[in-house]
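Per-entry structural report
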Amino acid sequence: MIAFLINRLFQAAIVMFVISLLSFSIQDNLGDPLRELVGQSVSEADRMELREELGLNDSFLTQYFRFAGKAIQGDLGTSYFFKEPALEVILKKLPATLELVFGATVLIIVISIPVGVYSAINPSSLFSKIAMGISIIGISVPVFLTAIIFIYIFSVELGWLPSFGRGVTEHVFGTWETGFFNLDGLLHLLLPCISLASIMLPLFIRLIRAEMMEVLQSEYIKFAWAKGLSPRRIWFMHALKNTMLPVITVGGVQIGTMVAYTILTETVFQWPGMGFLFLEAVNRVDTPLIVAYLIVVGAIFVITNTIVDLIYGLVNPTVKLVGEK
């Protein structure tokens, strides 16, 4: 396990280096940050002086190594707009984004596992055919369109649920606020979480169904039937456990992907999270904030995949982690 962790940390360091390099390299293509920092009346001489102070006239390698040296210490630059450390600005918005991802993940787990398992056990049933048909539609419809449809139906026409904002939040610890512990916060979470889950839910239903059907045809399942084990024990103790192995692997990657998908969801629902902040940063050409966002999202991917690898080995002890004898 220790050898595996060391190996993964080394790989994570390489991945983060590549992410930081790519993120930093795109800033020159985003526009001139001085456009947002100074007004029209500022002379060209003052602009050049400011560029020199900010180090924007230095070579790319000089700027990157200066940035990388500070990034190792946790300094990802200062936001041009907020006049605060970019990492602090992002971390303030992180709880709102994690709320959406957590809520969507819970919905995916609660719905996809029973529906996928039932569809695998009863592939010819009417419910299975309807579930597969809906899943095809769900995969095809983009998340922003789903969000707009939900707003029109449940907010505009029926007036049941709020259409934007985060609602009332409560302090959990420190500066962490959440809407999970009051009714208004939960109502504001419902539509964004369902919309975010809609793009991944059909994928997991079909994946669980396909893997479960394959496992049910394996020899050890046939042997379990021959031994006279109960159907529930075969389905849920033997088949489902091995079905979940590839699902866990895909799930870890998709959780990281959902963090990226929140950009669309947060924009439609005006949700004050990292994705909405990122789009604002792009419009303002706030390059330190843009680079910091990309690095933070990349770090979430790396951490999530490492945790998934550990869970994968724990779920199936026969799977040997890299470096184990």
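Residues numbered from 1 in each chain as written. Predicted model: local features only at pLDDT ≥ 70, side-chain atom pairs only at ≥ 80, totals over all residues. Heavy atoms only, no water.

A contiguous nonpolar surface patch, about 940 Å² in accessible area, is contributed by Phe144, Leu145, Ile148, Ile149, Tyr152, Ile153, Val156, Leu158, Trp160 and Leu264. Among the secondary structure elements, Ile148 is positioned in helix 7 (residues 143-157). Judged by relative accessible area, which is 43%, Ile148 ranks as partly exposed. (Patch = residues over 30% accessible without salt bridge, like charges linked within 9 Å, V, L, I, M, F, W, Y side chains within 5 Å. Areas by Shrake-Rupley, 256 points an atom, 1.4 Å probe, with all protein chains shown as cover. Salt bridge = Lys/Arg side-chain N within 4 Å of Asp/Glu carboxyl O. Helix = DSSP H or I, 4+ residues; strand = E, 2+ residues; numbered from the N terminus. Buried < 20%, exposed > 50% of the residue type's maximum accessible area, 1.4 Å probe, protein only.)

With that settled, the discussion passes to the nonpolar core. Counting 58 residues, the largest nonpolar core has Phe67, Ile90, Ile108, Met258, Met274, Leu289 and Tyr293 as its most contacted members. Looking at which element gives the most residues to this core, the answer is helix 5 (residues 86-121), with twelve residues. Setting aside its immediate chain neighbours within four residues, Met258 contacts Val101, Ala104, Thr105, Ile108, Leu196 and Met200. Ala147, Ile151, Leu191 and Phe269 belong to the second-largest nonpolar core, a separate cluster that totals five residues. (Core = buried A, V, L, I, M, F, W, Y, C linked by side-chain atoms within 4.5 Å. Contact = heavy atoms within 4.5 Å.)

Turning next to the environment of Pro95. Its place among the elements puts Pro95 in helix 5. Placed 82 residues apart in sequence, Pro95 and Glu177 show a C-alpha to C-alpha distance of 7.0 Å. Once you skip the residues sitting within four places of it in the chain, Pro95 turns out to touch Arg166, Trp176 and Glu177.

With that settled, the discussion passes to the packing of aromatic side chains. Tallying each qualifying case throughout the model produces eleven aromatic pairs. Between Phe102 and Phe180, the aromatic rings sit 5.7 Å apart at their centres with planes inclined by 90°, giving edge-to-face as the arrangement. Pair noted here: Phe102 is in helix 5 and Phe180 is in the loop between strand 2 (176-178) and helix 8 (183-198), with a separation of 78 residues, a long-range link. We classify Phe180 as partly exposed; its relative accessible area is 27%. Considering the side-chain rings of Trp225 and Trp235, the 6.5 Å spacing of their centres and the 70° angle between planes classify their relative orientation as edge-to-face. Placement of Trp225 in helix 10 (residues 219-226) and of Trp235 in helix 11 (residues 231-269) is noted, with a sequence separation of ten residues between them. With a relative accessible area of 39%, Trp225 lands in the partly exposed category. One aromatic cluster is present, formed by Phe17, Phe24, Tyr64, Phe65 and Phe67 through successive ring pairs. Over the ring of Phe81 we find Arg284; its NZ or CZ atom is 3.6 Å from the centre of that ring. (Phe/Tyr/Trp six-rings, centres within 6.5 Å; stacked < 30°, edge-to-face > 60°. Lys NZ or Arg CZ within 6 Å of the ring centre and 35° of its normal.)

Let us now look at the pattern of salt bridges. All chains considered together, the criterion is met by four salt bridges. Among the salt bridges present, the one from Glu219 reaches Lys222, with a minimum N-O distance of 4.0 Å. Separated by three residues within a single helix, Glu219 and Lys222 lie in helix 10, roughly one turn from each other. Since its relative accessible area comes to 60%, Glu219 is described here as exposed.

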